[in-house]
Amino acid sequence: MDKTTLKQRLLQLKETFQDQEETLTELDRAIGDGDHGVNMRRGFEALEEKIDDNSVASILKSTGMTLMSNIGGASGPLYGFSFVKMAQVAQEDEINHDQLTQLLAAFSEAVAQRGKVELNEKTMYDVIERARQAVENHESVTLEVLQNFANETKDMVATKGRAAYFKEDSKGHVDPGAQSSVYILNALIGED
């Protein structure tokens, strides 16, 4: 994927999050504070005028800075920091398999570090880390595969973030961050 395609895919997330705002709001209302949908939409709506398309690295960095300043809650800093970290490892202007593996490793590490999370704690990390592993193993990572990773959070008990307050009651709901990361990863991995 070249920088033009990456830019298009990230800008298309504006429509994705407009379409999915209600779904994310419902998920977040069940085990959070109900603002994830509007926050994600707001973040990607702001991207159009802020994106710097000089290189893959500048696209990723400007996306990160935009998300940090426009998405509230925990997701803004997590996604924003992750995009900035990905920008630091983006060496080329063509995202091949090796480059994608490095980007996803940076994404996963940034969320783990910033969110202090591990696998199976019902967070966005559950989708991001599983996607990273799948790409590294040359497995196909389609939107459907990503959605399955998010769906797996439904049976988990949240131990991190606002959802952790719900303890056992957090079971039976897909984590909103896991769901939003499906769309972001789909844009980055780009198999569909």
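Residues numbered from 1 in each chain as written. Predicted model: local features only at pLDDT ≥ 70, side-chain atom pairs only at ≥ 80, totals over all residues. Heavy atoms only, no water.

As annotated in an unreviewed UniProt entry, the protein carries the name Dihydroxyacetone kinase subunit L and is attributed to Staphylococcus felis.

Chemist: Can you tell me about the UniProt feature "coiled-coil region" (unreviewed entry) in the protein, naming the residues and giving the values?
Modeler: According to UniProt, the feature "coiled-coil region" (unreviewed entry) maps to residues 3–30 in the numbering used here. Helix makes up 100% of residues 3–30 and strand 0%, and the two end C-alpha atoms of the span are 37 Å apart. (UniProt positions renumbered as here; feature names shortened; annotations may be inferred. Helix = DSSP H or I, 4+ residues; strand = E, 2+ residues; numbered from the N terminus.)

Chemist: Quick one: what's the story with the packing of aromatic side chains, residue by residue and with numbers?
Modeler: For the structure on display, the rule yields four aromatic pairs. Consider the rings of phenylalanine 83 and phenylalanine 107, whose centres lie 6.2 Å apart with planes at 45 degrees: the pair is tilted. In this pair, phenylalanine 83 sits in helix H5 (residues 75–89) while phenylalanine 107 sits in helix H6 (residues 97–115), placing the two residues 24 residues apart along the sequence. Of the residues examined, phenylalanine 83 reaches a relative accessible area of 0% and is grouped as buried. Under the relative-accessibility criterion, phenylalanine 107 is labelled buried at 0%. The rings of Phe17, Phe44 and Tyr183 are connected pair by pair, giving a single aromatic cluster. (Phe/Tyr/Trp six-rings, centres within 6.5 Å; stacked < 30°, edge-to-face > 60°. Buried < 20%, exposed > 50% of the residue type's maximum accessible area, 1.4 Å probe, protein only.)

Chemist: Account for the packing of helix H1 (residues 3–31) against helix H2 (residues 36–45), naming residues and giving values.
Modeler: At their nearest, the axes of H1 and H2 sit 6 Å apart, and the two run at 170 degrees to each other. By the angle between their axes, H1 is roughly antiparallel relative to H2. Where H1 approaches H2, its residues Leu10, Leu13, Lys14, Phe17, Gln18, Glu21, Leu24, Thr25 and Asp28 are matched on the opposing element by His36, Gly37, Val38, Met40, Arg41, Phe44 and Glu45. Of the residues contributing to the contact of H1 with H2, the split by class is seven nonpolar, four polar and five charged. (Axes fitted to C-alpha atoms, helices over the stretch in contact; angles between N-to-C directions. Parallel < 35°, antiparallel > 145°, perpendicular 65-115°, else oblique. Contact = heavy atoms within 4.5 Å. Nonpolar A, V, L, I, M, F, W, Y, C, P; charged D, E, K, R; others polar.)

Chemist: Which residues make up the packing of H2 against helix H4 (residues 56–70), and what are the values?
Modeler: Helix-helix packing is described using two parameters, namely the angle between the two axes and the distance between the axes. Viewed as axis vectors pointing N to C, H2 and H4 meet at an angle of 135 degrees, and their least axial separation amounts to 8 Å. Considering their axes alone, H2 and H4 lie oblique with respect to each other. Seen from above, H2 lies across H4 with right-handed handedness. Here H2 contributes Asn39, Arg42, Gly43 and Phe44 to the contact with H4, which in turn contributes Thr66, Leu67 and Asn70. (Left-handed = near helix turned anticlockwise from the far one by under 90°.)

Chemist: Can you explain H2? Please cite residues and give values.
Modeler: Structural remark: α-helix, 3.6 residues per turn; residues separated by three or four positions point the same way. Within H2, seven of the ten residues are buried, which leaves it mostly tucked inside the rest of the structure. The secondary structure elements touched by the buried residues of H2 are H1, helix H3 (47–50), H4, H5 and helix H9 (176–189).

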